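The chain contents come next:
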Amino acid sequence: MVSTAFALTGATQQSHDVPLVSLGVTLLFLALLIAMVLCLAFEEKLHAKKSVIVGLFAVGTLFLGAAFDLLPFGSVSVGGHEIDLPVYVPAIDWNVIAIILGSSLFVDVTSRSGLFTWIAIKLTRTSGGDPLKLLVYYGVMTVVFSAVLNNVTAMIIVGSLTGVSLNRLARNNLLLGFLIIEGLLTNVGGLLTLISSVPNIIVGTTAGISFIRFFLVTGPFVLVATFVTLWLGTRIFNVRRLATSDEREQAARLVAGFDEHDGIESRAFFWFGAVMLITFIAVIATTSVLPLIQNLGMGYVALTFGLIMLLRFKAVADKFYQAIDWDLLGFFAALFVVINVMEHALVLELIGNGLAHVIGLGDTLGTGLIVVLGATASSVTDNIPLAAMLAKILTANPVIGSDPDSPFWWAVIFGANLGGNLTPIGSASTLVAVTIIHKYELKLSFAGFVKRAFPFAAVQILLAVAYIVFFV
Amino acid sequence: MGLVSLMTQVDQFESAFRAADKPIFEFLQPVVERALVVTDLRGADATTFRDQVCDFLGVLGNGVQWDLDDGDAFESIEALLERVNVCNPDLICTYRNLHSEAWRWPYSLGEYLDVLTQIVDCPVLVFPHPQADSTNARMLQGTDIVMAITTHLAGDNSLVNNAAGFTNDGGTLWLAHVEDEKSFARFIDTISKIDAIDTDTSRERILTQMLKEPSDYIRSCKEKLVTHRPSVRIEKIVTVGSQLEEFRRLIDKYTIDLLVMHTKDADQSAMHGLAYPLAIELREIPLLLL
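Residues numbered from 1 in each chain as written. Chains lettered and ligands numbered in written order. Predicted model: local features only at pLDDT ≥ 70, side-chain atom pairs only at ≥ 80, totals over all residues.

Another aspect to go through is the overall build of chain A. For chain A, the count of helices and strands is 22 helices and two strands. The C-alpha atoms of chain A give a radius of gyration of 23 Å, which matches the 23 Å a tight globule of 472 residues would have. The proportion of buried residues among the 472 residues of chain A is 51%. Here the analysis covers contacts within chain A between residues at least 6 apart in sequence; of these, 81% occur between residues at least 24 apart. (Helix = DSSP H or I, 4+ residues; strand = E, 2+ residues; numbered from the N terminus. Rg over C-alpha atoms; globule rule 2.2 N^0.38 Å. Buried ≥ 20, exposed ≤ 12 C-beta atoms within 10 Å, placed from the backbone. Contact = placed C-beta atoms within 7 Å.)

Here is the structure:
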C-alpha cells in the first residue's frame, strides 16, 4: 500500500510546474536537513521537545521552499474533486498519524484494565523467583509488550517491575544486567509487527507490505534474536538458576506475595480489555483483506478501537486526550512536512543517487551495507527521520519502489530498529532503560552502555544481515 | 519524552507493582511446653492463682509444665530474672505491681513487669491483679474472644500466630488495626501546604492504601487459618481513629477475654509508645505482651 499522503503529493506535483533546482539550493536544504538531524541528536542538551525542533525546521523550510518557488501550491485532487489545501497538509502521512494516535489511545485505555500488570505479575509468580526463569519470562514479555504496545511503554512496565521484584528477591546485583537486556529486547520486539514501531509503520506502509507478510518475515528473526540475546545475557551477566531447594523455596515464598489481581478494579473491564486487545490485533492483521475496512486502512481501525475503549471512560475521556503524546504526533507531522520540502528541493534525489551506489552493490552486499549503515545512523540520531527519508528515497527507485518484497525495504526496517541498541541514545526505550538504571543509583556511563551492549547489538545486526540475505 | 514525565511513569508502574507485593501470612503454631507463673502471693493463695491461670489457658492443652514462683521465691528483680533464666519458660504468667500496693492506681505496671516484659524473649501474660474487685469472674471464662491489636498489622505473623494460638476452639479472633488519625491529619495538613500535591486526592488515596494493606493481610490470615484453625472465627477491624480511645472502645464493645499486642521495639529499650499506656490502663482483662 503506497501512502495516501505521498500519492496526494504526487498528484499535486503532476499539476505543478516544478522549476529547475540549482545544486546550491539543494545543498542549502541538505545542510538544513543535517542541522535538523543534529538538533534531534542533541535534543536533551537543547532542552527542546522534538515537535518544537522539527516544527521550527518545518516552518523554516516551507518559507525557503516558497521563496525558491519549490513548492507545488494549488489545489489537490481527492477522489476526482479539486480541493484547496495548504501545501503542508497533503505533505503529512495522515494514515501514520491515525495509526499512532488510535493505537496510543487504545493502549492507554486498555492498560487501565490492569491487563498488562496482571500478565507481568503472573509471570513473576510463575517464575518462582528463579533469576534465570525471571530473565527469560521478562525478556519474552518485553518482546511481546514491545510488539503489542510500544517500546517505551514496554520498557517502563517491565523495567519498573524488574526493579521491584529483584529488590524483593534481594538480587539487586542482577538489576543492571536485566535492565540492559530488556532495553535491548525492546528494539527486537519492535520488529515483530507492522505497527510495533514507527519506522515499521512508515516503511511498511510506504512499501505496501501487509501486516501478515510483515509478521511472517520478521517473526522468525525476532524468535532467534530473542533467544540469542537471552542466552548471551545469561553468560555476560552471570544469571544462573537457583542451585538448592532451600534457595528455590525461599525465592518462591518471596514472590508468592505478589498479587496479580491487585490492579484490577473491574473484572468485567479486565476481560473486555483482553478480548479487545486480541480483536484489535486480529483486525489490524487482516485489514488488507477485510471488505470495506481495507479501504479505510489501519489508521481507521486503530482510531475505532481507541474510541470503543474510551466508551468505558466516556465522561472523563478528556483525561486520556491529555495523556496523548502530542509532542510525538507534532514531531511526525512536522517531519513529514520537512521531508516533503526536501523532496521538492531534490535533496532526497541527491541522497538517493548516493544510495544508488550502495543499492548497485547487489542484493547481498548492498542490502547488508544498508542494514549496517542504517543501524549506525540510528544509533546516534532518531531512527524515524532516517526511516521516513529512506522510505521516500526507495519509493522513488523504479525497481524497489514497485516491489514490496525487495530486501532493501527490510534492510531499512531492520537497520533502523536494531541500530537503537548500539548506544543509550539510539532509541527511546534504551534511554528509558538507562534512566531506570540511574534511578537505582547503578553506575553506567555512555561508554559503559556501549561496551556492554555492543556484543548484543553486533550479533543482532549480523543475524539481521544474514537473515535478510539468505531468507527474505 | 521528557525526563520528568518518564520518571513519573516509571514511578507509577513501580507503585502499582509495590502495591501488588503483599505480605502473606505464614502459620506457625506457638509452642508452649513450659510456663512459669510468677506471683507475690504465698502458699495456698499462690497455688489458687496458678490453678486459675491453668484453667484460663485451657487452650494450651494438658502437655504444659506449670512452674510456680511465689512471693517467697524472689525479693528482687535480679532474683526473678535469675529464676526465669533457670526455668527458661515458653510463657510467663503474672500480674502488675508485684510486691507493691500500687496496683490500686492505674499509673504503672510495677518495676518487675517493666523489666520483665522488655528483657525476656518469651511472651508475658499479664493478668488483672488477683485482689482487684472485677478480676476473678472474668479470668475464669477462658479465651473464647481474643483480640490482637496493632498499628501495623500487615506482615505481623508473630502477633497473629500467638493470638490464634491462644484462642479457644470455637472462639473468635479479632484482628484489629487502627491508624492514628492525629498523625494522618498532621501529614495531610503538611501536604495541604505543598502546591505540587493535590490535597484531596492525597487524603483519599493515602487513606485507602493505608487501610487496604492490613485488610489484604487479614484476608491472607483467614485463608491460612481456615486450614490450621478451622473452628476459630476470624474477624476484621481496620479503621482510623484516636488509637488509645479506639482500642478501648473495641475492647469494651466485643467483651474481649484476652488482648494480644507487641511491646518490644528494636529501636528502644522501654516498652514502645502505644503498648505502655494500653498495658497500664487496661487493667480489667488479661494482656498477652509479645
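We now examine the overall build of chain B. Secondary structure assignment for chain B yields 10 helices and nine strands. Overall size of chain B, expressed as C-alpha extent along the three principal axes, is 80 × 40 × 35 Å. Residues counted as buried form 36% of the 290 residues belonging to chain B. Sequence-distant contacts, at least 24 apart, represent 77% of the contacts inside chain B between residues at least 6 apart.

Residues and elements named next belong to chain B. On the basis of which strands lie adjacent, the open sheet formed by nine strands has the order 2-1-3-4-9-8-5-6-7 and mixed pairing. Looking at the sheet topology across the chains shown, the edges are occupied by strand 2 (65-69) and strand 7 (233-241). Strand after strand, the sheet turns through a mean of 20° between neighbouring axes, direction not considered. Across nine bridges, strand 6 (residues 172-180) lies against strand 7 in parallel orientation. Its bridge partner lying in strand 7, tryptophan 174 is registered against glutamate 235. Here helix 2 (residues 43-56) sits on the sheet in contact with strand 1 (34-38), strand 2, strand 3 (91-95) and strand 4 (124-127), set at roughly 145° to strand 2. (Pairing = 2+ DSSP bridges. Axes fitted to C-alpha atoms, helices over the stretch in contact; angles between N-to-C directions.)

Attention now moves to the interface of chain A and chain B. Facing 23 residues of chain A, the contacting portion of chain B comprises 16 residues. In terms of residue count, the dominant contributor to the side of chain A that touches chain B is helix 8 (residues 151-168) of chain A (nine residues). Here the side of chain A that touches chain B is built from residues that sort into 11 nonpolar, seven polar and five charged. (Nonpolar A, V, L, I, M, F, W, Y, C, P; charged D, E, K, R; others polar.)

Residue and element names in this part refer to chain A. Along the chain, the position of glutamate 44 falls in helix 3 (residues 43-46). With 11 C-beta atoms packed within 10 Å, glutamate 44 lands in the exposed category. Separated by 403 residues in the primary sequence, glutamate 44 and alanine 447 place their C-alpha atoms 18 Å from one another.

Looking now at the nonpolar core. Counting 151 residues, the largest nonpolar core has Leu335, Val337, Val338, Ala387 and Val412 of chain A as the members making the most contacts within it. Element by element, the count of residues in this core is highest for helix 16 (residues 326-344) of chain A, at 12 residues. With near-sequence residues (within four places) excluded, alanine 387 of chain A lies in contact with Pro199, Ile202, Val203, Val412 and Ala416 of chain A. Ranked by size, the runner-up nonpolar core spans 66 residues in total, among them Phe74, Val146, Leu258 and Val260 of chain B. (Core = buried A, V, L, I, M, F, W, Y, C linked by C-beta atoms within 7 Å.)

So, on to the pairing of strand 3 of chain B. Residues and elements named next belong to chain B. For strand 3, the buried fraction is high: five of the five residues fall into the buried class. Side chains of strand 3 alternate between two faces, with Leu91, Cys93 and Tyr95 and Ile92 and Thr94 buried alike. Across three bridges, strand 1 lies against strand 3 in parallel orientation. Within the sheet, the bridge partner assigned to alanine 35 lies in strand 3 and is leucine 91.

Residue and element names in this part refer to chain A. The contact between helix 6 (residues 115-127) and helix 7 (residues 131-148) brings their axes to 9 Å, and the two run at 160°. It follows that helix 6 is roughly antiparallel to helix 7 by the angle criterion. In this structure, helix 6 meets helix 7 at a crossing whose hand is right-handed. Residues Phe116, Ile119, Ala120, Leu123, Thr126 and Ser127 of helix 6 form the contact with helix 7, whose own contacting residues are Lys133, Leu134, Tyr137, Met141 and Phe145. Considering only residue class, the contact of helix 6 with helix 7 consists of eight nonpolar, two polar and one charged. (Parallel < 35°, antiparallel > 145°, perpendicular 65-115°, else oblique. Left-handed = near helix turned anticlockwise from the far one by under 90°.)

Across chain A, pLDDT averages 89, with 96% of residues at or above 70. Here residues 1-16 of chain A is modelled with pLDDT under 50, and outside its nearest four sequence neighbours on either side it reaches 36 contacts, counting other chains as well. (pLDDT = per-residue confidence, 0-100.)

Residue and element names in this part refer to chain A. Relative to each other, helix 10 (residues 198-207) and helix 19 (residues 383-396) sit at 10°, their axes nearing to 9 Å. Between helix 10 and helix 19, the crossing angle belongs to the class labelled roughly parallel. Between helix 10 and helix 19, the residues in contact are Val198, Pro199, Ile202, Val203 and Thr206 and Asn383, Ile384, Ala387, Ala388, Ala391 and Thr395, respectively. Class assignment of the residues belonging to the contact of helix 10 with helix 19 gives a composition of eight nonpolar, three polar and no charged.

Turning our attention to unusual backbone geometry. Most of the time, phi is negative for any residue but glycine, and the peptide bond is trans. At histidine 47 of chain A, a position not held by glycine, the phi torsion is positive, near 55°. Assignment of secondary structure puts histidine 47 of chain A in the loop between helix 3 and helix 4 (50-67). We note that asparagine 97 of chain B has phi near 50°; this positive angle belongs to a residue other than glycine. The topology assignment puts asparagine 97 of chain B in the loop between strand 3 and helix 4 (111-119).

To continue, consider helix 8 of chain A. Taking 1.5 Å per residue as the helical rise, helix 8 of chain A with its 18 residues ought to reach 26 Å, and the 25 Å between its terminal C-alpha atoms agrees with that figure. Burial of helix 8 of chain A is extensive: 16 of the 18 residues sit out of reach of the surface. (Expected span 1.5 Å × (residues − 1).)

This brings us to the environment of serine 220 of chain B. Residues and elements named next belong to chain B. The residue serine 220 is located in helix 8 (residues 199-228) in this model. For serine 220, a count of 21 C-beta atoms within 10 Å gives the class buried. Linking serine 220 and glycine 155, residues 65 residues apart in sequence, is a C-alpha distance of 9.9 Å.

All names here are of chain A. Over its 18 residues, helix 4 extends 25 Å from the first C-alpha to the last, a length consistent with the 26 Å expected when each residue adds 1.5 Å. All buried positions along helix 4 are accounted for by Lys50, Ser51, Ile53, Val54, Gly55, Phe57, Ala58, Thr61, Leu62 and Gly65. If you follow the buried residues of helix 4, they end up packed against helix 2 (23-41), helix 3 and helix 16. Positive backbone phi, at 55°, marks aspartate 69, one or two positions downstream of helix 4.

As a further point, take the pairing of strand 5 (residues 145-150) of chain B. Moving residue by residue along a regular strand, the side chains alternate between the two faces of the sheet. All names here are of chain B. Here strand 5 lies mainly inside the structure; six of its six residues are buried. Side-chain alternation along strand 5 places Ile145, Met147 and Ile149 on one buried face and Val146, Ala148 and Thr150 on a second face that is also buried. Relative to strand 6, strand 5 runs parallel, the two sharing six bridges. The residue of strand 6 that forms the bridge with valine 146 is leucine 173. Following the backbone out of strand 5, through helix 6 (residues 157-165) and into the adjacent parallel strand 6, one traces a crossover that is right-handed. The pairing of strand 5 with strand 8 (residues 258-261) spans three bridges and is classified as parallel. (Right-handed = clockwise from strand over helix to strand, strands pointing away.)

Looking now at the environment of serine 15 of chain B. All names here are of chain B. Note that serine 15 resides in helix 1 (residues 3-20). Look at serine 15 and you get partly exposed, because 13 C-beta atoms sit within 10 Å. For the pair serine 15 and glutamine 209, spaced 194 residues apart in the sequence, the C-alpha separation amounts to 11 Å.

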